[in-house]
Amino acid sequence: MITLSDVYIIGAGETKFGELWDKSLRNLAVEAGLKAIENAGIYSKDIDIIYGANGLAGVINKQENIGALIADFSGLSEEGIPAIRIEASTASGAAAVHEAYLAIKSGEYNVAVVGGVEKMTDIHGHEINEVMSSILDREWESFYGATPASMAALIARKYMKDFNIEKEALSMISVNDHENASRNPDAQYRNKISLKQAMESVMVADPLTLMDCSPISDGAAAIVLASEDFVKRNKKDGVKILASAIAEDYLDVGSRKSIYTFNSTKKAARLAFDRAGIKSDDVSFAEIHDSFSIYGLLALEDLGFADKGNAKDLVYDEIKLSGRIPLNPSGGLKAKGDPYGAVGVGQFVEAYLQLMEKAGDRQVKSPRYGLLHNMAGTGATSVVHILGD
């Protein structure tokens, strides 16, 4: 009988997220990776494999072969350590962790470094809008002018109409993100915003205003995963990954039965909860993929924290750091930032800090389980992880 290894996070590190004009793609990747390795207290000889998450470098930075780039400039090429890029659009980060988790759990490797990086501000204006729209179905959506924001807006309008949801409920997701980001030194936007500011900001795609939309960001994050055997032999402290699940839905939103139910999220969440042996009520905090505020509401429902159409009841008090289900202690995609390839790994950095009770001013009280939700585009792919004891 094959015994599968438990998998632990033993180190984490990230760069600041934001418009980082003075840092290149490789600078960011190396900075985050070395922070994680140093935090884990390991050496290059301990590392078996590197997974690098990235979505857009081939188009924006004209750089492919990201795995080799990271290994080279981290000084690890000399060791001959394999380095592989994982691309799953905006879910690349969590997908890379999923692959590393499976590799260690199988017994093939003992230690894996997972990094995510994106340098999005190297292009701007219509160019970046065109590139970001590549996460949609090119033939059936973006060819006709659809953008990530316009698709989110269409979903929001239908959802708000069918469930009689006021715009205020969407805006509260952003207000909460900014409140938490004000306590996160790595966040792109550390300013608090009022509900009035969120609702009255510049319109982007009706009903979504500027404050409903995540920014264009640069940044990198990295974690070190290790087997139970390595942790015990080297007396390492760590956070256990209880479950890792990934699921798919139609890329073209028009092919789905419902445009405001993301079945990939529902399926991944169901698998993760079953594997972890816990329920949604047991979760101490959640980091979700709220690239647009509407996705925050939908995630709360599809992950099982509220019935469809009822997430509005959670957004005033329940999702605060002191609430029943603290949402995005890091500041989320809206305020911490949204560097595509780094987001999913950055969620792990936050969860590691929270569960090790090292999150400073944004520390959730006595956390036991953390849920992480990383999503590709308009929900074509969803990755859900549960961490805890």
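Residues numbered from 1 in each chain as written. Predicted model: local features only at pLDDT ≥ 70, side-chain atom pairs only at ≥ 80, totals over all residues. Heavy atoms only, no water.

(A) Spatial organisation of the overall build of the protein. For the protein, the count of helices and strands is 13 helices and 11 strands. By the compact-globule yardstick of 21 Å for 389 residues, the protein fits well, its C-alpha radius of gyration being 19 Å. A principal-axis box enclosing the C-alpha atoms of the protein has dimensions of 55 × 45 × 40 Å. Scored against the burial criterion, the 389 residues of the protein give a buried share of 62%. Counting only contacts in the protein whose residues sit at least 6 apart along the sequence, the fraction spanning at least 24 positions is 77%. Carbon and sulfur atoms provide 49% of the accessible area of the protein, an area that totals close to 15600 Å². Separation of charge centres in the protein, based on 40 positive and 54 negative side chains, amounts to 4 Å. (Helix = DSSP H or I, 4+ residues; strand = E, 2+ residues; numbered from the N terminus. Rg over C-alpha atoms; globule rule 2.2 N^0.38 Å. Buried < 20%, exposed > 50% of the residue type's maximum accessible area, 1.4 Å probe, protein only. Contact = heavy atoms within 4.5 Å. Areas by Shrake-Rupley, 256 points an atom, 1.4 Å probe, with all protein chains shown as cover. Lys, Arg positive; Asp, Glu negative; His and termini not counted. Charge placed at Lys NZ, Arg CZ, Asp CG, Glu CD.)

(B) Spotlight on the layout of surface pockets. Estimates place the volume of the largest pocket at around 500 Å³. Surrounding the largest pocket, 30 residues form its lining, Met132, Cys213, Ser214, Pro215 and Ile216 being those nearest its centre. Counting residues per element, the ones that place at least two in the lining of the largest pocket are α5 (126-132) and α6 (148-163). For the lining of the largest pocket, the per-class residue count stands at 16 nonpolar, 11 polar and 3 charged. (1 Å grid on protein atoms, 1.4 Å probe; cavity = no way out; pocket = protein on both sides within 12 Å on 5 of 7 lines; lining within 4 Å. Points joined across faces, edges and corners; volume = space filled by probe spheres on them. Nonpolar A, V, L, I, M, F, W, Y, C, P; charged D, E, K, R; others polar.)

(C) Focus on unusual backbone geometry. Backbone torsion omega between aspartate 206 and proline 207 reads 15°, so that peptide bond is classified as cis. Structurally, the position occupied by proline 207 is in the loop between β5 (203-205) and β6 (208-209). Phi at serine 89 is positive, roughly 55°, even though this residue is not glycine. Note on placement: serine 89 falls in the loop between β3 (83-86) and α4 (92-105). The buried category is assigned to serine 89, whose relative accessible area is 14%. In the Ramachandran plot, lysine 235 falls in the positive-phi region, its phi being about 55° despite a non-glycine side chain. By secondary structure assignment, the location of lysine 235 is in the loop between α9 (228-233) and β8 (239-248).

(D) Region of the structure containing empty space enclosed by the protein. Taken as a whole, this structure holds 2 cavities of 30 Å³ or more when the rule is applied. Contributions of two or more residues to the lining of the largest cavity are made by α1 (25-40), β2 (49-53), β4 (111-119) and β7 (218-227). Top element by residues in the lining of the largest cavity is α1. It accounts for 5 residues. Broken down by class, the residue content of the lining of the largest cavity amounts to 13 nonpolar, 4 polar and no charged.

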